[in-house]
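In case you want the letters, here they are:
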Amino acid sequence: MNNKKSAVAEHFESTVRSTIEKYDMTEKGNKIVVALSGGADSVCLLLALCALSEKLQFSLCACHLNHMIRKETAERDEIFSRSLCEKLSVPFYSEKVDVPSLCKNEGGSVEMVARNARYAFFERAKAHFGADRVATAHTASDNAETVIFNLVRGAGGDGICGIPPTRGAYIRPLIRLSRHEVEEYLDAKGQGHITDETNESEEYSRNFLRISVIPQLKKLNPELESAILRLSENAREDKEFLAVLSRDRTFDGMTAKELSALPPPLLKRHIRESFSTVCESRFLLSLKNTQDVANAIHSCGADGQKRTVCLPGNICAVVSKNGLCFCKRNDKNENDQNTDRFFDIPLVCGENIINEKYAVFMARGKDAQIPQVIKNEDIVYKLYKKALVASDIIDSSVFARPRKEHDVFVLGGMSRKLKKVFSDMKIPEDERRLVPLVCTKNENGSDTVVCLPLFSAPCDDAKHDGTGDCTVVAFYRS
């Protein structure tokens, strides 16, 4: 190795070492399993960690997953990876997972399904070796692609945090180095690698960013990866600071009025942190979800009326004068990928946000004040209606849910199947699951459909006859 190449390799390995030490990625005696695809980044990671293992006193092993996406060349990648590990005396473990079949059976993009399969495999490899850490080859270039991708999708502050250097047992020792530096290091070491031909297809979002977008941005700033890495690091610091503040137990006792007085960034962080304590990690609150809950808190703080918001992961946010709480809904479709489209939400007087399209407002008395937005929507959108319901019909357990196969609605003495109603009104198939039916339980335990947005009157049994208490049920765009 000539002096120039030796300097390149030395600088690269020094940066990897400082990254490991800065983020406490490993401890003396740890075993690290390297995620090895055979591509430039992962080969580089394996070589750099081999060079540092003795100095930092950790041992190495490697794992390789055949996604079975590229039938012709996937075997080549596995053979290359196995051969490289044999050459470096690194224990090797591999598996095959048919990602295309998973996509057909489970739905979702190839990128997302492959990622989920990959991380599940990493956990199996970690257990196989009895390893302490899993090292993945994410670089500063990957981080830049992630941040830009998140920005384009409309992500908030968390989106610009990018790829964290560590996440639980997962470490990213190359996170401060660019893809160009990776290639220079491999050249200096005289080490070849596999090129994945799908990396050149712009059908994949990240490839499009890497091939067509980032080169244009680099004309404005050649050090784009470093600039975005600094942005991500600053954003993570802010996120961690707000997270610590929002976990303060004093927030749990705050009333809606007190919560509404919090600075918006702190209130939104508190909402997300509280949500994460009752929901599986695979479900995240979108900006809209978070804002819906924040709006409910502000509204309740102003008028004292209770509100509910239907959220992903089978969770319901309930806001009352006493504060905010999250509870599980009676959703039978928890494992569905579109679980936020299915709902079974108890309704309260006030505003109830059901999903991205519908909300239900309930108030006592036929002369109850209805928000102006509902009045306007009732005129502009003919499918959004309000109905007067006898209060004793819905005093017990009123809830909203989507249509079921044999649901009927009785109006004017006629029983109408809602399946046919939806079809006759030409409501698109993918929107039918969003339409909320306001229901109660009858004496035999089955559901009675009281009202829904398609009719301006409740079912015959729930009509207000002018005597007794009356409840206004109004539907509008959420």
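Residues numbered from 1 in each chain as written. Predicted model: local features only at pLDDT ≥ 70, side-chain atom pairs only at ≥ 80, totals over all residues. Heavy atoms only, no water.

**As for the sheet that holds strand E13 (residues 386-390)**
Just so we agree on the cut-off: A pair of strands is labelled paired if DSSP reports no fewer than 2 bridges between them. Strands here mean DSSP runs of E at least two residues long; helices mean DSSP runs of H or I at least four residues long; both are numbered from the N terminus. To define axes, lines are fitted to C-alpha atoms, for helices over the stretch in contact only, and angles between the resulting N-to-C directions are given on a 0 to 180 degree scale. In what follows, residue pairs with any heavy atoms lying within 4.5 Å of each other are defined as contacts.
Judged by pairing direction, the sheet is mixed, and its seven strands sit side by side in the order E9-E8-E7-E11-E12-E19-E13 without closing on themselves. Each edge of the sheet is formed by a strand with only one pairing partner; in this case those strands are strand E9 (323-328) and E13. Across the sheet, the mean angle from the axis of one strand to that of its neighbour is 20°, orientation sign disregarded. Here six bridges tie strand E8 (residues 315-320) to E9, and the two strands are oriented antiparallel to one another. When the sheet's bridge partners are listed, Ile315 is paired in E9 with Lys328. Contacts from helix H12 (residues 287-303) reach strand E7 (307-311), E8, E9 and strand E11 (350-353), with the element oriented near 175° to E7.

**Considering unusual backbone geometry**
The condition is simple: To sort residues, take the accessible area from a 1.4 Å probe on protein chains only and compare it with the maximum for the residue type: under 20% means buried, over 50% means exposed, and anything in between is partly exposed.
A positive phi angle is found at Asp24, which is not glycine, with a value near 50°. On the secondary structure map, Asp24 appears in the loop between helix H1 (3-22) and strand E1 (31-35). Among the residues examined, Asp24 registers a relative accessible area of 61% and is labelled exposed. Here Lys426, not a glycine, exhibits a phi torsion of approximately 55°, which is positive.

**Description of the nonpolar core**
Just so we agree on the cut-off: Residues enter a nonpolar core if they are buried and are Ala, Val, Leu, Ile, Met, Phe, Trp, Tyr or Cys, with the set joined through side-chain atoms within 4.5 Å.
Within the largest apolar cluster, 35 residues are counted, with the highest numbers of intra-cluster contacts made by Leu347, Val360, Val438, Leu452 and Val473. Where this core is concerned, the elements lending two or more residues are E8, strand E12 (358-364), strand E14 (399-401), helix H15 (418-424), strand E17 (437-441), strand E18 (447-451) and strand E19 (470-477). In contact with Leu347, not counting residues within four places along its chain, are Asn352, Ile354, Val360, Met362, Val398, Phe399, Ala400 and Val438. Membership of the second largest hydrophobic core comes to 33 residues, among which are Leu47, Leu49, Ala135 and Tyr185.

**Topic: the confidence of the model for the chain**
This is how the line gets drawn: Note on scores: pLDDT gives the predictor's confidence for each residue, bounded by 0 and 100.
Averaged over the chain, the pLDDT score is 84; the fraction of residues at 70 or greater is 90%. The lowest-confidence element of the chain is helix H13 (residues 372-380), averaging 51 in pLDDT; the highest-confidence one is E1, averaging 97. Segment residues 378-383 is flagged for pLDDT under 50; beyond a separation of four residues in sequence, or across chains, it makes seven contacts in the model.

**Some remarks on the sheet that holds strand E6 (residues 170-171)**
As summarised here, the arrangement of the six strands in space is E3-E2-E1-E4-E6-E5, forming an open sheet in which the pairing is mixed. Both edges of this open sheet fall to strand E3 (92-96) and strand E5 (166-167), since each of them pairs with a single strand only. Sheet topology places E1 next to strand E4 (residues 133-135); three bridges connect them, and they run parallel. When the bridges of E4 are listed, Val34 appears paired with Ala135. Strands E1, strand E2 (59-66) and E4 of the sheet are contacted by helix H2 (residues 40-56), whose axis makes an angle of about 155° with E1. Taken strand by strand, helix H5 (residues 110-129) contacts E1, E2, E3, E4, E5 and E6, and its axis lies near 140° from that of E2.

**Let's talk about the packing of aromatic side chains**
Rules: Centres within 6.5 Å are what make two rings of Phe, Tyr or Trp a pair, Trp counting through its six-membered ring; a difference in plane orientation under 30 degrees is then read as stacked, over 60 as edge-to-face, and the rest as tilted.
Across all of its chains, the model carries nine aromatic pairs by this definition. Measuring from ring centre to ring centre gives 4.4 Å for Phe12 and Tyr185, while their planes differ by 20°; the resulting arrangement is stacked. Residue Phe12 is found in helix H1, and its partner Tyr185 is found in helix H7 (residues 179-189); the two are separated by 173 residues along the sequence. Taking the relative accessible area as the measure of exposure, Tyr185 reaches 0% and is therefore buried.

**A look at the side chain of Asn352**
By secondary structure assignment, the location of Asn352 is in strand E11. On the basis of relative accessibility, which here comes to 0%, the residue Asn352 falls in the buried class. Not counting residues up to four positions away in its chain, the partners in contact with Asn352 are Thr308, Pro346, Leu347, Ala359 and Val360.

**Side note on empty space enclosed by the protein**
One way to see where empty space is left: roll a probe the size of a water molecule over the atoms. Heads up, the condition is: A cavity, in this analysis, means grid points on a 1 Å lattice covering only the protein atoms where a 1.4 Å probe fits yet has no way out; a pocket is instead an open set bounded by protein on both sides within 12 Å along at least five of seven lines, and a residue lines either one if it has an atom within 4 Å of a point. Grid points are joined across faces, edges and corners, and a volume is the space filled by probe spheres set on the points.
In total, this model carries one cavity of 30 Å³ or more according to the counting rule given. Its volume calculated, the largest cavity comes out at about 30 Å³.

**Quick notes on the pattern of salt bridges**
Formally: Criterion for a salt bridge: a side-chain nitrogen of Lys or Arg within 4 Å of a carboxyl oxygen of Asp or Glu.
By the definition in use, this model includes 21 salt bridges. Across the salt bridge formed by Asp407 and Arg401, the nearest N and O atoms sit 2.8 Å from each other. Among the residues examined, Arg401 registers a relative accessible area of 3% and is labelled buried. Several salt bridges converge on common partners, so that one network encompasses Asp41, Asp142, Glu145 and Arg179.

**Details of the packing of H2 against H7**
How two helices sit against one another is set out by the angle between their axes and by the gap between those axes. Applied cut-off: Roughly parallel here means an angle under 35 degrees, roughly antiparallel means over 145, roughly perpendicular means 65 to 115, and every remaining angle is called oblique. With the far helix as reference, a near helix turned anticlockwise by less than a right angle produces a left-handed crossing, and one turned clockwise produces a right-handed crossing.
Two numbers describe how H2 lies on H7: the axes approach to 10 Å, and their chain directions differ by 60°. What the angle tells us is that H2 and H7 run oblique. As for the relative orientation of H2 and H7, their crossing is left-handed in sense. When H2 is examined against H7, the residues Ala40, Asp41, Val43, Cys44, Leu47 and Ala48 are found in contact with a partner set consisting of Arg179, Val182, Tyr185, Leu186 and Lys189.

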